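The primary structure of each chain is shown beneath.
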There are 2 protein chains.
Amino acid sequence: MDVKALGHKGLALCDMTKLGLAVPPGFILTVECAKAIAAGQATATIKAEIIAGLGRLTEETGCALGDYKHLLLLAVRPSMPIALPGTLEAVLNLVLNDETVEGLSKYSGDPAFAHACYRRFIQNYAHVVMGDDPAAFEDLLSLFVEERGYVSAAEIKGSDGYELTARFKSQLEAHDQQVFPQDVHEQLWSTIVALVRGWNGPRAKTHRKIHGVDSDAGLAIIVQAMVFGNQPENSGTGHAASRHPQTGDVIMQGEYLVDAQGPDLVARMRQSLPLSNGGGASLQSTIPEAYAALHSGLKKLEALKRDAVDVDFTVSQGQIWFLDAKPARRTTAAAIKIVADMVRQGLMTEAEALLRIDPLSLDQLLHSTLAPGARRDVIAAGLPASPGAASGMIIFDADEARVLVGQGQHVILVRPETSPEDIKGVHVADGVLTTRGGMTSHAAVIARGMGKPCVAGASSLKIDANDGTLKAPGFTLKKGDVITIDGSSGQVLKGEVAVVKPSLSGDFAMFLGWADKARRMKVRTNAETPHDARIARDFGAEGIGLSRTEHMFFEGDRIIAMREMILADSERDRRAALAKILPVLRADFEALFAIMAGLPVCIRLLDPPLHEFLPSVTDDVVGIAKDLKIDPAALRRRVAELREQNPMLGHRGVRLLLSYPEITDMQARAIFEAAANVAKSSGKAPIAEIMVPLVSARGELEAVRKRIDMVAGDVRKETGQAITYLVGTMIELPRAALKAQDIAKDAEFFSFGTNDLTQTTYGISRDDSARFIGEYTARGIFQRDPFISLDVEGVGELISFAVERGRLGRPDLHLGICGEHGGDPDSIAFCEASGLDYVSCSPFRVPIARLAAAQATLKNIIKPIR
Amino acid sequence: MDVKALGHKGLALCDMTKLGLAVPPGFILTVECAKAIAAGQATATIKAEIIAGLGRLTEETGCALGDYKHLLLLAVRPSMPIALPGTLEAVLNLVLNDETVEGLSKYSGDPAFAHACYRRFIQNYAHVVMGDDPAAFEDLLSLFVEERGYVSAAEIKGSDGYELTARFKSQLEAHDQQVFPQDVHEQLWSTIVALVRGWNGPRAKTHRKIHGVDSDAGLAIIVQAMVFGNQPENSGTGHAASRHPQTGDVIMQGEYLVDAQGPDLVARMRQSLPLSNGGGASLQSTIPEAYAALHSGLKKLEALKRDAVDVDFTVSQGQIWFLDAKPARRTTAAAIKIVADMVRQGLMTEAEALLRIDPLSLDQLLHSTLAPGARRDVIAAGLPASPGAASGMIIFDADEARVLVGQGQHVILVRPETSPEDIKGVHVADGVLTTRGGMTSHAAVIARGMGKPCVAGASSLKIDANDGTLKAPGFTLKKGDVITIDGSSGQVLKGEVAVVKPSLSGDFAMFLGWADKARRMKVRTNAETPHDARIARDFGAEGIGLSRTEHMFFEGDRIIAMREMILADSERDRRAALAKILPVLRADFEALFAIMAGLPVCIRLLDPPLHEFLPSVTDDVVGIAKDLKIDPAALRRRVAELREQNPMLGHRGVRLLLSYPEITDMQARAIFEAAANVAKSSGKAPIAEIMVPLVSARGELEAVRKRIDMVAGDVRKETGQAITYLVGTMIELPRAALKAQDIAKDAEFFSFGTNDLTQTTYGISRDDSARFIGEYTARGIFQRDPFISLDVEGVGELISFAVERGRLGRPDLHLGICGEHGGDPDSIAFCEASGLDYVSCSPFRVPIARLAAAQATLKNIIKPIR
């Protein structure tokens, strides 16, 4: 029997029993059995089996249901496919009634204990079986404590609580208009049926969906003899981890609460003890045998599971009972330490170790995080758009941000949404906060690319740039006030919160080395600045998969020349303006080629529509016109002329390169001259890949390619240097994927631009998707946000077409992905299965992609045909 | 041998020879032969064949090349795959030289004639063989006539022209730096090689591409004995059509020019004679035998070709010679009369008749046209966006247009581009002119839908709404000035131009009846107003394929209620606002159901994003806020809030229906209540098809469908009426096509929204495409504008997927197309081959679609599996 039949907890109990650990006796109704109950089938048989099970329990324990003297009390616990806390509750202290509570009272010699058990059962039963609100019972308890003038419920002694028990029963009976059942078998059966019903209810199904569990997954039910930690003598409850959850060190960690049952530990009403405390009060000092049994139990479990484990246990009058075991919670640092230790100890292979770590969890090791203990005053929540934490002054303007950072200030750039104009501000800011936009909005993409923390779409916040305030219902912050953003959780916090810097340990480096050995696909980075390229190299990038040239056109004086170009009336004037940009662009490329020495550098030619380089209608047209020495009216006219209804689908990419071949020429020349210079100075020709964006038909690529080849010929002649380059295209439109065989005739490589491909395949603008995509995923209309995890069924099919057809057109076609998905582990798995040659992602995703690619290779059963 | 081997003219000559018509003797160098010449292959063999051909010519004519006494003169003519006037020129009067011109002079007794022939040859040769500009020779002639004090060249008599001949030769020799060849074989060979070279040159290739001829199609060359119409006695040249080109009546039509060669007729330097003139001067009266031979020749040709024919002829000293024959030019009315007559006469079948008429040509019969003889003062050219001609005052504002039309004025609405706000203006205007936007821009689509003439994207015009002017380089028009637009040609004309109203003849109705019998697919219409629905019914529409509800929300006070809904803060307030729209919408649907009695009516639920219903930032926010009784600031805020980067890919369609289920409910209720009312009053339940737009995943449709079914149940209960309806979706996103099998589980029908599917497949916004798509088609990067003719390779493949997968999901899935392509004959052919059940198009396209669908069925060799 496995987890599918027994559920998570059921399997743990069987495992522990097998290892000889003390587990309270009991039996499990399997998933199959619970399904039959749900369907109302074989009821008589199941009931008979339960009776038989109870008979065996009586044999083992010497106690029986309803036996006044030797009372068998039960715990009925759901056993789910994975631990899903909060989904279904256990019912404890079953089956007590007005009669047996007296027996328990008498034979335990503690009426207060017996009645507390009975009340807990009534409350439990009311909640789980009748669906009542537990708060009503908590209120009764509070009222009672108040009436008596007690400080806490612990003061209820002897028969003092009898009346409270009566009130609990009345509450249940009044609310549910029925008598609280006294028949013990009826109590048990109702509880079992209630758990089955609860599991098949809409709330639990939603819960499963949220946790990514198959919503049709089954439930098993555990019926177990109760063991009582809530006794004053040598009793209590606790949990223990086999290794340190923060560091992964081989030190047993946990806590122990005297005189308590499991839920009391969760409620934290009293101070717990450590397991061991160098002589101070601890489990070890108070009940050394239980501590020893716990320690050896964890060792055995680790050996069986070959993993660090957490256990829940109860000590009942000195005897330890193991109640549950699961994989230990751990930080990523601890997780890596644990697998590294286990590999060193020969307990697992490198491959197993690689498969044990969630690639996304590596992010914890790459960014600043909020200090674990720091006080958090959360004032708003947005999307966790780019990980990392940062504090700084609220600043609404990119230029102002630059000035302040120049003065040594820390700044959070706060904008409704960012535009390419803001990039200089993002560059200097410690973090970015936007009130609009989704996970793939401009701000999010740029911030991730730069490794800056970003919280996007914090829609409860309203920016009033006029009076320099940031408002939300209940408070108003001013420009200059300090906030902290946590791009890993999406939280916005008031004031400065302490931040912890990342540190890459030796084990981490070793671990990534194993990943590099294991993976088939290369991992490149999306980077356009030397700064980013260097970070990515340090993180192990094997080249640049996407260098977006447009960002290069915004820096410094280039934007002025770019605007001159756009406003020019003739090709000659445009060429003159472009000639001013050429040398700076060439220098940028030289830097990238130098950093990526010998590795491929894929440069995408200018992609955005020209109006993105002009001010918007509401911007400072007069000031910019003055800079350009032109009439503001002329500038306004050109802005209006270039305005587009749907810029995403407009005059951009290859369409622009064909309309203004001089732009193509200038960029090609900058690339080739840079390549020639670096070849000359380093003695080694860089590998330049030139990517033409937004191609939908071969003719487009063919025409641009001709110009590129022409320029390459010119530069070869002029410099006498050999220039190695490839020309390829981004596959980012459905038609390009469909016509890939044709297009591949003119493309030496394809790079899947899955952001735009997702936009066009779904007909969803990622900038505008925030209004509905959250609701879509919440309602399960979309399983996942397709901008975060590649839509394998739709967009993925187009990619498969493009791969297959592209290779028909050109068998040695080189294939990669450069969309945001290139850093998403599930999407990387799809890339592996599709037979891509590389993935490319933002610098801070490179280590994640290295691991994800390794896992994909290890798990991949669909072997690409190559 | 067929047209592929002989070319168009060559085949005509062979046909006429076979029919016993007098054709000047000669021979044809076949396409294969010309290809060999182009490749420089088999030159000796070909030259020998030419010598042999000339030998046979000498036998037939008794004349020989260079024979002083019996001079054989040749015409060398290109014979192209179809008649492509202006592509390559014939060379006449070959082969004359300084010696033979004297012989011709002496033996013809007319030195002036002989030298005129020589000069024409020199000029011809210079142009065709040497590539010189003929204007230089025309200038020499003019100068000579001036020097001599003549009125025209006809006064050059006797040896008077010798000097001019010498000047012609000098001009050629000076310009080309070579002696004019005197060797007759060299002259002939050079001419042949020049024609072959010209055909393979870039200019001719472009010409072929423009005319839709395969650019690799071959050329044949005709070498024929000259016959001279340019002699004073019983000689001349002319052309004749076997039926009247305007009406199609069986009356020979044409003209005849005395003492002339073919080009003179084209040049129209003198008045020509009619062929027959009831006793007045005509070919019949002057050379009755030639007239009779012409008449009988045309009869024979018609019988052979089973079509009306045009012939070119020359009369040389009383003897008629047939030089060429081609299908007669004709208006659409004439074309239909001709095939109707031929079917009546048993000369062709109905199917053949249907295949003879270009569906698009029917448009001539459905719209007003500029009067043929009217003076045209063209001031600008745009895209022929919606056919028909109209005159009216220039008006820049929709409201102003309504006022003026109310006063009985005729108005042309002139806008940079139109928005849904302008619809009321388009409704009343006689035509629409925009300076931006393409064939599928908002203005174009709306105008076509309403059957109003529209010229779109006349980009040379600049609107200055402030000072109320319409400017272009060279002129300024003011508001109120009258212009005329021709939506069939895209011309904008100054002033009022006479217009001819359409008239549908009996033959036209009969002809469309044949089409209806022949076609497999149904033809529906896209219509939302009763007016349009009625036009479409009259044109033979078999239901409504697309009724866009959004247009219904703009009329009258509905827009106010719609805005209230958008500005409401709660679902309750939104429902209250929608309740005001419900009754008017229901009345609209009742009208449509009544008009389409018993035919299906497919209604698309609200599609555009909400901001389209609000004023734009620059509009009269204050006035509108006053209408709505709200704070202008609140309106401005909501406008800003709803603004989208890419509305086409934004929060619209099903996304909106899911966010605001109350909108879905209200529309469904209006439809069902209307259906119930019409069912009650007419005793027959209408067939309502409810179409959910912009679906990309089954979950979307599933959720909306549930609400629709719920409302249907409610209305059934409330009214006690049976309601027949289908729920389906538009396939307009690539993902919907890919996931069609899944989606079909919740869709009873698919309608292909090929406008949006083309936009997303190509990633091109049709509103923004005007900037580059013209250049793309001109350069051949795109073969055709994919918004006009369906892109069969890309978009078409997605449609094929959707058809195949959709029917896997639901075998009885009903399939149609409702994009603009539904009215395009080539696209209709694709729909037939894809096995769609119907096409739907704008009312004025319905007759075109009926014919195109019939042709598609007749031509379809790919049988759909049904």
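Residues numbered from 1 in each chain as written. Chains lettered and ligands numbered in written order. Predicted model: local features only at pLDDT ≥ 70, side-chain atom pairs only at ≥ 80, totals over all residues. Heavy atoms only, no water.

Undergrad: Just checking my understanding: could you explain the packing of helix α32 (residues 825–834) of chain A against helix α33 (residues 846–859) of chain A for this structure?
TA: Two packed helices can be described by the angle between their axes and the distance between those axes. All names here are of chain A. Where α32 meets α33, the closest approach of the two axes is 9 Å, and the angle between their N-to-C directions is 50 degrees. Here α32 is positioned oblique relative to α33, judged by the angle of their axes. As α32 runs across α33, the sense of the crossing is right-handed. Residues Pro825, Ile828, Ala829 and Glu832 of α32 touch α33, and the partners they reach there are Ile848, Ala849, Ala852, Ala853, Ala856 and Thr857. Classifying every residue of the contact of α32 with α33 gives 8 nonpolar, 1 polar and 1 charged. (Axes fitted to C-alpha atoms, helices over the stretch in contact; angles between N-to-C directions. Helix = DSSP H or I, 4+ residues; strand = E, 2+ residues; numbered from the N terminus. Parallel < 35°, antiparallel > 145°, perpendicular 65-115°, else oblique. Left-handed = near helix turned anticlockwise from the far one by under 90°. Contact = heavy atoms within 4.5 Å. Nonpolar A, V, L, I, M, F, W, Y, C, P; charged D, E, K, R; others polar.)

Undergrad: What is the right way to read the sheet that holds strand β14 (residues 411–415) of chain A from this model?
TA: The strands making up a sheet are joined through hydrogen bonds of the backbone, oriented either antiparallel or parallel. All names here are of chain A. Taken together, the 8 strands give an open sheet; going across it, the order is β11-β21-β20-β13-β14-β15-β16-β12, and neighbouring strands pair in mixed fashion. Edge positions in the sheet fall to β11 (378–381) and β12 (383–386), since each has one partner strand and no second. Put simply, the sheet's adjacent strands are angled 30 degrees from each other on average, direction ignored. For strand β13 (residues 389–395) and β14, the ladder comprises 3 bridges, and the chain directions are parallel. Residue Met393 lies in a different strand from β14, and its bridge partner there is Val411. Relative to β14, helix α15 (residues 398–406) is tilted by about 175 degrees, and along the sheet it contacts β13 and β14. (Pairing = 2+ DSSP bridges.)

Undergrad: Got a minute to help me understand the pairing of strand β27 (residues 724–731) of chain A in this structure?
TA: Consecutive residues of a regular strand have side chains that alternate between opposite faces of the sheet. All names here are of chain A. In terms of burial, β27 is a largely internal element, 6 of the 8 residues being buried. As defined by bridge partners, strand β26 (residues 687–692) adjoins β27 across 6 bridges and the pair is classed as parallel. Residue pairing across strands places Met691 opposite Gly728, the latter belonging to β27. Sheet topology note: the β27/strand β28 (residues 749–752) ladder contains 4 bridges and is parallel. Bridge pairing links Gly728 to Phe749 in β28. (Buried < 20%, exposed > 50% of the residue type's maximum accessible area, 1.4 Å probe, protein only.)

Undergrad: I tried to follow the sheet that holds strand β21 (residues 491–494) of chain B on my own but got confused; where do I start?
TA: All names here are of chain B. Spatially, 8 strands are ordered β11-β21-β20-β13-β14-β15-β16-β12 in an open sheet, and the strand pairing comes out mixed. Sheet topology places β11 (378–381) and β12 (383–386) at the edges, where each strand pairs with a single neighbour. The sheet shows a mean angle of 30 degrees between the axes of neighbouring strands, taken without regard to direction. Note: β11 against β21, 3 bridges, orientation antiparallel. When the bridges of β21 are listed, Ala380 appears paired with Val492. Taken strand by strand, helix α15 (residues 398–406) contacts β13 (389–395) and β14 (411–415), and its axis lies near 175 degrees from that of β14.

Undergrad: What is the right way to read unusual backbone geometry from this model?
TA: Of all residues except glycine, most have a negative phi; of all peptide bonds, most are trans. Although it is not a glycine, Gln177 of chain B adopts a positive phi angle of roughly 55 degrees. Among the structural elements, Gln177 of chain B can be located in the loop between α7 (162–176) and α8 (184–199).

Undergrad: Mind showing me how you'd approach the interface of chain A and chain B here?
TA: Facing 50 residues of chain A, the contacting portion of chain B comprises 50 residues. Where chain A abuts chain B, roughly 4,400 Å² becomes buried across the two surfaces, and 50% of that area is made up of carbon and sulfur atoms. It is Leu649, Arg735 and Arg771 of chain A in chain A that bury the most area against chain B; as a group they hold 14% of the surface buried on that side. Inspection of the region where chain A meets chain B yields 10 salt bridges. Put simply, Arg735 of chain A and Asp791 of chain B hold a salt bridge, and the shortest N to O gap is 2.7 Å. If you list the elements that add at least two residues to the side of chain A that touches chain B, you get α23 (632–642), α24 (654–659), α26 (698–719), α27 (734–738), α29 (754–762), α30 (770–778) and α31 (795–809) of chain A. Across the side of chain A that touches chain B, the residue classes tally to 20 nonpolar, 12 polar and 18 charged. (Buried area = accessible area lost by both parts, 1.4 Å probe. Salt bridge = Lys/Arg side-chain N within 4 Å of Asp/Glu carboxyl O.)

Undergrad: Can you help me understand the side chain of Arg638 of chain A in this one?
TA: Residue and element names in this part refer to chain A. Position of Arg638 among the secondary structure elements: in helix α23. On the basis of relative accessible area, Arg638 is assigned to the buried category, the value being 16%. Contacts of Arg638, omitting those with residues within four sequence positions, involve Ile566, Leu567, Leu614 and Tyr660.

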